[in-house]
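One letter stands for each residue in the lines below.
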Amino acid sequence: MPRISSNVLLIIAAVLMLIAIYMVFIYAPTERTMGDIQRIFYFHVSSAWVGFFAFGVTFFYSAAFLKKKDLKWDNIAVSSAEIGLLFTTITLITGSLWARPVWGIWWTWDARLTSTLVLWLIYLSYLMLRNYIESETKRAYLSSVVGIIGFTNVFLVYFSIRWWRTQHPAPVIAGGSGSGLAPEMQLTFGFCLVAFTALYVYILSKKVEIGRAGWEIEDIYRTLDDK
Amino acid sequence: MIYISQIVSVIRKDIIAELRTKSTIGAMLLFGLTIVVVFSFSFNLDLQEQKNLAPGLLWTAFIFSAILGLNYSFSSEYENGCMQGLLLSPIPRSAIYIAKLISNSIFILFSELVILGFFVWLFDVRFTMNWHWFVLLMVLGTIGFSATGTIFSAISAETRMKVFILPLLQLPMTIPVMIAAVEATSILLGKETKFTFDAWSTMLLVYDVIFITLSVMLFEYILEE
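Residues numbered from 1 in each chain as written. Chains lettered and ligands numbered in written order. Predicted model: local features only at pLDDT ≥ 70, side-chain atom pairs only at ≥ 80, totals over all residues. Heavy atoms only, no water.

Attention now moves to the overall build of chain A. Within chain A, the secondary structure is distributed over six helices and zero strands. Dimensions of chain A, computed from C-alpha atoms along their principal axes, come out at roughly 70 × 45 × 25 Å. Long-range pairs, those at least 24 residues apart, make up 78% of the contacts in chain A with a sequence separation of at least 6. Total accessible area on chain A stands at roughly 11600 Å², and carbon and sulfur atoms take up 68% of it. (Helix = DSSP H or I, 4+ residues; strand = E, 2+ residues; numbered from the N terminus. Contact = heavy atoms within 4.5 Å. Areas by Shrake-Rupley, 256 points an atom, 1.4 Å probe, with all protein chains shown as cover.)

This part covers the overall build of chain B. Scanning chain B from N- to C-terminus turns up nine helices and zero strands. Along chain B, from the amino end to the carboxyl end, the secondary structure elements read α-α-α-α-α-α-α-α-α. Relative to its length of 225 residues, chain B is compact, with a C-alpha radius of gyration of 18 Å against a globular reference of 17 Å. The principal-axis extents of the C-alpha atoms in chain B amount to approximately 55 × 35 × 30 Å. Taking all 225 residues of chain B together, the buried fraction comes to 51%. Here the analysis covers contacts within chain B between residues at least 6 apart in sequence; of these, 83% occur between residues at least 24 apart. Carbon and sulfur atoms provide 69% of the accessible area of chain B, an area that totals close to 10200 Å². Of the side-chain charges in chain B, 12 are positive and 16 negative, and the distance between the mean point of each set is 5 Å. (Rg over C-alpha atoms; globule rule 2.2 N^0.38 Å. Buried < 20%, exposed > 50% of the residue type's maximum accessible area, 1.4 Å probe, protein only. Lys, Arg positive; Asp, Glu negative; His and termini not counted. Charge placed at Lys NZ, Arg CZ, Asp CG, Glu CD.)

Next up on the list: the packing of helix α3 (residues 71–103) of chain A against helix α6 (residues 183–226) of chain A. Residue and element names in this part refer to chain A. α6 packs onto α3 with a crossing angle of 135 degrees between their chain directions and a minimal axis gap of 9 Å. Relative to α6, α3 is oriented oblique. In the packing of α3 onto α6, the handedness of the crossing is right-handed. Of α6, the residues touching α3 (which contributes Leu-71, Lys-72, Asn-75, Ile-76, Ser-79, Ser-80, Glu-82, Ile-83 and Phe-87) are Phe-196, Leu-199, Tyr-200, Ile-203, Leu-204, Lys-207, Val-208, Gly-211, Arg-212 and Trp-215. Taken together, the residues that form the contact of α3 with α6 break down as eleven nonpolar, four polar and four charged. (Axes fitted to C-alpha atoms, helices over the stretch in contact; angles between N-to-C directions. Parallel < 35°, antiparallel > 145°, perpendicular 65-115°, else oblique. Left-handed = near helix turned anticlockwise from the far one by under 90°. Nonpolar A, V, L, I, M, F, W, Y, C, P; charged D, E, K, R; others polar.)

Aromatic ring pairs are defined here through the distance separating the ring centres and the angle between the ring planes. The tally for this structure, following the rule as stated, stands at 23 aromatic pairs over all chains. Three or more aromatic residues joined by ring pairs form one cluster here, namely Phe52(A), Phe59(A), Phe151(A) and Phe155(A). Its guanidinium or amino end placed over the ring of Trp73(A), Lys72(A) lies 5.0 Å from that ring's centre, counting from NZ or CZ. Just above the ring of Phe74(B) sits the side chain of Lys100(B); from NZ or CZ to the centre is 5.1 Å. (Phe/Tyr/Trp six-rings, centres within 6.5 Å; stacked < 30°, edge-to-face > 60°. Lys NZ or Arg CZ within 6 Å of the ring centre and 35° of its normal.)

All names here are of chain B. You can see Thr-24 is positioned in helix α2 (residues 23–42). By relative accessible area, which is 15% here, Thr-24 ends up buried. In this structure the C-alpha to C-alpha distance between Thr-24 and Ile-108, which are 84 residues apart in sequence, comes to 9.8 Å. Setting aside anything within four residues of it in sequence, one finds Thr-24 in contact with Glu-18, Gly-69 and Tyr-72.

Next up on the list: the environment of Lys72(A). All names here are of chain A. Note on placement: Lys-72 falls in helix α3. Accessibility expressed as a relative area gives 40% for Lys-72, which makes it partly exposed. Through-space distance from the C-alpha of Lys-72 to that of Arg-212 is 8.1 Å; in sequence the pair is 140 residues apart.

Counting residues at the interface gives 33 residues for chain B and 29 residues for chain A. Between chain B and chain A, a total of about 2900 Å² is buried, with carbon and sulfur atoms accounting for 79% of that surface. Considering only the surface of chain B that becomes buried against chain A, Arg160(B), Met203(B) and Tyr221(B) emerge as the three largest contributors, covering 19% of it. Glu158(B) is paired through a salt bridge with Lys138(A); the nearest N and O atoms lie 3.1 Å apart. Between chain B and chain A we count six residue pairs in polar contact (both at pLDDT 80 or more) in total. Those elements that provide at least two residues to the side of chain B that touches chain A are α6 (131–156), α7 (162–173), α8 (175–188) and α9 (197–222) of chain B. When residues of the side of chain B that touches chain A are assigned to their parent elements, the largest contribution, twelve residues, is made by α9(B). Counted by class, the side of chain B that touches chain A contains 25 nonpolar, two polar and six charged residues. (Buried area = accessible area lost by both parts, 1.4 Å probe. Salt bridge = Lys/Arg side-chain N within 4 Å of Asp/Glu carboxyl O. Polar contact = N/O pair within 3.5 Å; in protein donor to acceptor, adjacent residues only side chain to side chain.)

As structure tokens, this is what we get:
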């Protein structure tokens, strides 16, 4: 990606994130029962969304790699997986911080919590696996297969644990009667989703660039070795 | 028809190799017995606790001994260049996967039966429902273990640190199988749960079908050079 468009992405992401922070802390009203702790919800759900979206991107580009057999797709898949892992980590941490004062516990084996943790474990092992394979093509093939199987599994994990037990608050938005957010909250939430997605797109573009730079360096080394 | 006979010949090869070396099954059985003995030191179960704990302990023993066996399913092929031979033979890759899936399931099921024997003997477990339902559960759960285990075994055999990679990939993947199998088993032991035995065994069946289909589609890429 050319430098200019990368800088444009940076500016968009930075401005959106700054506005998001302003909205979360100042614009959005304080929730009546939970108080200020509820504000963590905006970043928590946004990170969860980005994490899941990023793994979806990994799934898509893993399949693209297996079809086209071009390493550039694998580069996008792994870059997205790393970012997804980062945001899933943020989701788990912010969720715990919220649960402690509200539920009185750091952790519970609820459907959404547990499937997020399993998602986190699967992609951690996906990245681990890549470390243990020398050949670049082999690495791409094997991890693409894990990327596809792992993502499919998340749905089954989710349903199996949902049957097993559930404590996570029901979806607040579009969750039937009695649900719903104050309009300011809704706006803040929507804005956070957009800002986090922009942040994701920017980090992804940078990660992909780094991957490409790695190949260039290898090429340079190779020509130096030849001489 | 040829496809089926190709599958059968690979299964036969695996079983003959196993009967001659007895390395995998022997290790799985001893490991299973050791786990059950360690459990019996770690937990003192009375009849009431049994309903809650026994299913989990049993399936934990099953999955760990299964992983031990799965570790050697493909790495053994790399000794003496057997993998080369397998790949050079005119057998479609998907047939190799299905054959390995079946032979792994047979080995795992066999070791599970013996572990179950130890378990019933040492923990005095009593089923309130029919035995054949538990056999169905074992078959569905074992196929689930091998559906993903076989493809991950092939993946981990290609890496450094083979022995570590397989459990790292396999354990999070089998969480739906573990939940469904443990819940269904506790129903068989007389525990009241929200969902029925049928619901949980259907979930196992769905897992099996999804991951066998996916693996058949993806297996050729693993052996790609």
